[in-house]
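Here are the chains, one letter per residue:
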Amino acid sequence: MRQNSETELKRILETEGFTFKKSLGQNFITDPSVCPRMAQSAADKDTGIIEIGPGAGVLTCCLCEAAKKVVAIEIDERLKPVLSKTLSGFDNVKVIFADVLKTDLNALISQEFSDCKRVNICANLPYYITSPILMGILSSKPDIESVTAMVQKEAAVRICAEVGTRAAGAVTAAVDYLSDAEILFDVSKECFLPVPKVDSAVIRLTLRKEPKVKVISEEMFFKTAKACFAQRRKTLLNTVSSTLGVDKSELKRIIADMDLSESVRGENLTLEQLARLSDEIFKIIKGDKNDK
Ligand code: SAM
């Protein structure tokens, strides 16, 4: 389907008797200007692209035109006949019907992209699992350079916020630790079929060669970040002691050593302070285990 028009898309979906599943986050792009901009940010003729959730293949077609090869992972097998129509003009695409959260991206990259100079991810993400998908990608440290993703506007603002500001969340800390995040452009909800309740934005995460800060244990860093933002109205002391089971007096000592006030909240911590806190908690928990 080289003619990315709403009428053409509707006709194919209708012919194949396709009905949208809200539970799978199915809102397909219809505005012809959006996909080329996403493809341009992610691909060139030396690049292999992993697309998550091709849907009816509108973005996939643009990626096929821009990239050397595209491997698209789609959970909904009902889209098979639709995709075989819309992608019929391309010989550089493969669709895998699977759950991206259960897909080994490192294995996929070595199996499918040995002839590409680099691999990037590009997707209009299913919004109900935006954070698990992004966290899964980043924490598995795949050999990719960037992730270009359409997400809900609110999620884009959170993901790209500065750690230590009110707009940040646990996902902000994890993303900043492993990548450089930016909002590329906003996309109106009117650009989708069916029209969702909220607007979207396209973000790009450029993966860092090394994490932004050094930590003893990445697992503890992610757990600490999650705990710090778990109950935003509570102090860091209360939320971290209850979520991670750290003794309050030990935590008070750490907070004082870090020159922070006892009333500090998790959302006030910078990335460097989160890293220090996670290292100190790691030492306490490891020490407790060694004492037993
Ligand atoms: N890329 C298409 C577009 O832009 O028009 C569709 C995007 S739609 C927002 C999200 C797509 O992700 C849907 O096709 C949905 O079926 C698929 N999806 C949902 N959960 C998934 C999962 N766990 N693994 C792979 N694909 C998934």
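Everything that follows concerns the structure shown earlier in this document.
Let me sum up the structure you'll find in this document. (Residues numbered from 1 in each chain as written. Predicted model: local features only at pLDDT ≥ 70, side-chain atom pairs only at ≥ 80, totals over all residues. Heavy atoms only, no water.)

**A few points about the overall build of the chain**
Here is step 1: When its secondary structure is counted, the chain shows 12 helices and 9 strands.
Here is step 2: Principal axes of the C-alpha set define a box for the chain whose edges measure 65 × 40 × 30 Å.
Here is step 3: By residue count, 49% of the 292 residues in the chain fall in the buried class.
Here is step 4: In the chain, once contacts between residues fewer than 6 apart in sequence are set aside, the share between residues at least 24 apart is 68%.
Here is step 5: Only carbon and sulfur atoms are counted for the fraction: they give 48% of the accessible area of the chain, which is about 14,100 Å².
Here is step 6: On the chain, the mean spot of the 41 positive side-chain charges and the mean spot of the 41 negative ones are 3 Å from each other. (Helix = DSSP H or I, 4+ residues; strand = E, 2+ residues; numbered from the N terminus. Buried < 20%, exposed > 50% of the residue type's maximum accessible area, 1.4 Å probe, protein only. Contact = heavy atoms within 4.5 Å. Areas by Shrake-Rupley, 256 points an atom, 1.4 Å probe, with all protein chains shown as cover. Lys, Arg positive; Asp, Glu negative; His and termini not counted. Charge placed at Lys NZ, Arg CZ, Asp CG, Glu CD.)

**With respect to the side chain of Glu74**
Here is step 1: For Glu74, the position within the fold is in strand β3 (residues 69-74).
Here is step 2: Buried charge without a partner: Glu74 forms no salt bridge, and the closest opposite charge is Arg78, 7.7 Å away.
Here is step 3: Not counting residues within four places of it along the chain, the set of residues in contact with Glu74 comprises Gly53, Pro54, Gly55, Leu79, Ile96, Phe97 and Ala98. (Salt bridge = Lys/Arg side-chain N within 4 Å of Asp/Glu carboxyl O.)

**Concerning the sheet that holds β3**
Here is step 1: One open sheet accounts for 7 strands, arranged β4-β3-β2-β5-β6-β9-β7; its pairing is mixed. Here the strands that pair on one side only, and so sit at the sheet edges, are β4 (93-97) and β7 (179-187). The average angle at which neighbouring strand axes cross in this sheet is 20°, direction not considered.
Here is step 2: One ladder, built from 8 bridges, connects β7 with strand β9 (residues 200-207); its direction is antiparallel. Residue Val187 lies in a different strand from β9, and its bridge partner there is Ser200. (Pairing = 2+ DSSP bridges. Axes fitted to C-alpha atoms, helices over the stretch in contact; angles between N-to-C directions.)

**Some remarks on the pairing of β4**
Here is step 1: Pairing geometry for β3 and β4, over 5 bridges, is parallel. Considered in β4, the bridge of Glu74 is made with Phe97.
Here is step 2: For the handedness criterion, the β-α-β arrangement of β3, helix α4 (residues 80-86) and β4 is classed as right-handed. (Right-handed = clockwise from strand over helix to strand, strands pointing away.)

**Considerations on the state of the cysteines**
Here is step 1: This model, assessed by the stated rule, comprises 0 disulfides.
Here is step 2: Free of any disulfide, Cys191 has its nearest neighbouring cysteine sulfur in Cys35, separated by 9.7 Å. (Disulfide = S-S within 2.5 Å.)

**What about unusual backbone geometry?**
In terms of backbone geometry, most residues other than glycine have negative phi values and most peptide bonds are trans.
Here is step 1: In this structure, the amide linkage connecting Leu193 to the following residue, Pro194, adopts the cis form with an omega of -15°.
Here is step 2: Counting through the fold element by element, Pro194 comes out in the loop between β8 (192-193) and β9.
Here is step 3: Located in the positive-phi region is Lys141, a residue other than glycine, with phi close to 45°.
Here is step 4: Secondary-structure assignment places Lys141 in the loop between α6 (130-139) and β6 (146-152).
Here is step 5: Notably, Asp259 is not glycine yet its phi reads approximately 60°, a positive angle.

**As for the packing of helix α10 (residues 236-244) against helix α11 (residues 248-257)**
Here is step 1: The interhelical angle for the contact between α10 and α11, taken along N-to-C directions, is 135°, at an axis separation of 10 Å. Classified by the interaxial angle, the pair formed by α10 and α11 is oblique. Where α10 crosses over α11, the two elements pack in a sense that is right-handed. Residue-level contacts link Leu236, Leu237, Asn238, Val240 and Ser241 of α10 to Lys248, Leu251, Lys252 and Ile255 of α11.
Here is step 2: Of the residues in the contact of α10 with α11, the class split is 5 nonpolar, 2 polar and 2 charged. (Parallel < 35°, antiparallel > 145°, perpendicular 65-115°, else oblique. Left-handed = near helix turned anticlockwise from the far one by under 90°. Nonpolar A, V, L, I, M, F, W, Y, C, P; charged D, E, K, R; others polar.)

**Digging into the nonpolar core**
Here is step 1: Counting residues in each nonpolar core, the largest one holds 63 residues, and the members touching the most others are Ile50, Val147, Leu251 and Leu277.
Here is step 2: Among residues more than four places away in sequence, those in contact with Leu251 are Leu236, Leu237, Val240, Ser241, Val246, Leu277 and Ile281.
Here is step 3: Of all hydrophobic cores here, the second largest spans 37 residues; its members include Ala56, Val58, Ala66 and Leu193. (Core = buried A, V, L, I, M, F, W, Y, C linked by side-chain atoms within 4.5 Å.)

**A look at the side chain of Thr47**
Here is step 1: Among the secondary structure elements, Thr47 is positioned in strand β2 (residues 47-52).
Here is step 2: Here Thr47 falls in the buried class, since its relative accessible area comes to 1%.
Here is step 3: A polar contact of 2.7 Å, which involves the side chain of Thr47, links it to the side chain of Asp44.
Here is step 4: Side-chain polar atoms of Thr47 contact the side chain of Arg118, separated by 2.9 Å. (Polar contact = N/O pair within 3.5 Å; in protein donor to acceptor, adjacent residues only side chain to side chain.)

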